[in-house]
Amino acid sequence: MLWSSFVKKTSVVLLAGFLAGCQTAQGPSSQAPSPATNAAASASVQSSSLPVISYAPATAVERGFSALVLNAATGEQLYDVDADAPRYPASLTKMMTLYLLFEAVSNGRYSLSSPLEVSANAAAQPPAKIGLKAGSTITVQQAARALAVKSANDVAVAVAENIAGSEAAFARQMTQQARALGMGKTRFVNATGLPDPAQVTSARDMAKLGLALKRRFPQYSSYYRQKSFSYNGRTFRATNNLIGKVPGVDGLKTGYIRMSGYNLVATARRSGKQLIVVVIGGKSEAARDQEVTRLIEANF
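All of these numbers come straight from a predicted model, not from anything done at the bench.

Visitor: Quick one: what's the story with the overall build of the chain, residue by residue and with numbers?
Guide: Counting its secondary structure elements, the chain contains nine helices and nine strands. With 300 residues in all, the chain has 51% of them scored as buried. Put simply, of all contacts in the chain between residues at least 6 apart along the chain, 66% involve residues at least 24 apart. As displayed, the chain has an accessible area near 12,900 Å², and 55% of this comes from carbon and sulfur atoms.

Below is the structure:
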């Protein structure tokens, strides 16, 4: 009788743990990729040697440090510090916002000159922003440049609402695309990267996204190299401080919220060799830039 009671209690505990694990694994709009999807995604970013995890964690470590350096042409890993640990992406998120915007242009839904309507919700987003006014419009090309250069939150929400009807619906599309690209440790819940403990990623997933963005849409590579962006009579300086300062750096995206620390995905090319460098959780903007610069110099 004692053994029977023990087995029953143990079974209940294991079943409860299994169900809880399933809920965590699925998360909001999380979906395990099929083998065919994983194969296609791995081939597209030439990273088949990188592990793909089929779920995103519930939360991440605040200001946790991660770093990763890959040979951008082959996917070979050159350096790694906790590259698979859960982290908060901050405005690195906008790489996926850009990816879906460019995809909408690619499939003919928009052209670069198409106007995107600005809602009161989009206009009310906190900085960084370019000051969009409710009821106004911004072209797709202007929006893409504002995201790539200024990392504008008002623009990101305007893009999300125009493409998907709401930011929440757009975030579900973002997570779905992340799965297709093999970004198994990423879950998006907004288009901006503004603080939300459910929005998680890893340095490796951000490297995959950066590679996919530049390879899938090479025609927009110049956007990430711009040192400034002008809109409505104002000029905004690029958030990536390494452009024009570190030889060979040609993008890609910065990010900061208190929860994440200072983040940067940087791409660089010298003498035919290409690198992608990810640093998440820098203690300051200067410390982040210094670490990315060190990793670039050490791996060329």
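Visitor: Give a detailed account of the packing of aromatic side chains, specifying residues and quantitative values.
Guide: Counted by the stated rule, this structure contains nine aromatic pairs. Ring centres 6.4 Å apart and planes at 40° place the aromatic pair F217 and Y220 in the tilted group. Taking the relative accessible area as the measure of exposure, F217 reaches 1% and is therefore buried. Every member of this aromatic cluster is reached through a ring pair, and the members are Y99, F102, F217, Y220 and Y223.

Visitor: How would you summarise helix α7 (residues 167-180) if you had to cite specific residues and measurements?
Guide: Over its 14 residues, α7 runs 20 Å from end to end, which matches the ideal 20 Å to within 8%, given 1.5 Å per residue. Along α7, the positions that sit buried rather than exposed are E167, A169, F170, A171, M174, T175, Q177, A178 and R179. G182 occupies a position one or two residues after α7 and carries a positive phi of about 80°.

Visitor: Provide a residue-level description of unusual backbone geometry, including the pertinent values.
Guide: In this chain, P127 is followed by A128 through a cis amide linkage whose omega measures 10°. Its place among the elements puts A128 in the loop between α4 (120-123) and β4 (137-139). Looking along the chain, the bond that leaves G251 and enters L252 is cis, with omega of 20°. Mapped onto the elements of the fold, L252 is located in strand β7 (residues 249-257). The phi dihedral of N232 falls on the positive side, at around 55°, and the residue is not glycine. Tracing the sequence through the fold places N232 in the loop between β5 (228-231) and β6 (234-237).

Visitor: How would you explain the nonpolar core if you had to name every residue and give the values?
Guide: Of all hydrophobic cores here, the largest spans 64 residues; its most connected members are M96, I130, V155 and M206. Per-element tally for this core: the top contributor is helix α3 (residues 94-106), with nine residues. Aside from chain neighbours lying at most four places away, what touches I130 is I138, A146, K150, A152, D154, V155, F229, Y231, R234 and F236. Grouped together as the second largest cluster of nonpolar side chains are 15 residues, I243, V246, L264 and V277 included.

Visitor: Run through the side chain of R204, naming residues and quoting values.
Guide: Position of R204 among the secondary structure elements: in helix α8 (residues 203-216). With a relative accessible area of 4%, R204 lands in the buried category. A distance of 2.7 Å separates the side chain of R204 from the side chain of D84, its partner in a polar contact.

Visitor: An account of the pairing of β7 is requested, with residue identities and associated values reported.
Guide: For β7, the buried fraction is high: eight of the nine residues fall into the buried class. As paired strands, β7 and strand β8 (residues 261-270) are joined by eight bridges and run antiparallel to one another. Paired with I257 across the bridge in β8 is G261. Between β7 and β8, which follow one another and run antiparallel, lie three residues.

Visitor: Mind laying out the side chain of N71, listing which residues take part and the relevant values?
Guide: Of note, N71 is situated in strand β1 (residues 66-71). In this structure N71 comes out as buried when scored by relative accessible area, which is 13%. Engagement of the side chain of N71 in a polar contact is seen with the backbone nitrogen of T74, the distance being 3.3 Å.

Cut-offs applied
- Residues numbered from 1 in each chain as written.
- Predicted model: local features only at pLDDT ≥ 70, side-chain atom pairs only at ≥ 80, totals over all residues.
- Heavy atoms only, no water.
- Helix = DSSP H or I, 4+ residues; strand = E, 2+ residues; numbered from the N terminus.
- Buried < 20%, exposed > 50% of the residue type's maximum accessible area, 1.4 Å probe, protein only.
- Contact = heavy atoms within 4.5 Å.
- Areas by Shrake-Rupley, 256 points an atom, 1.4 Å probe, with all protein chains shown as cover.
- Phe/Tyr/Trp six-rings, centres within 6.5 Å; stacked < 30°, edge-to-face > 60°.
- Expected span 1.5 Å × (residues − 1).
- Core = buried A, V, L, I, M, F, W, Y, C linked by side-chain atoms within 4.5 Å.
- Polar contact = N/O pair within 3.5 Å; in protein donor to acceptor, adjacent residues only side chain to side chain.
- Pairing = 2+ DSSP bridges.

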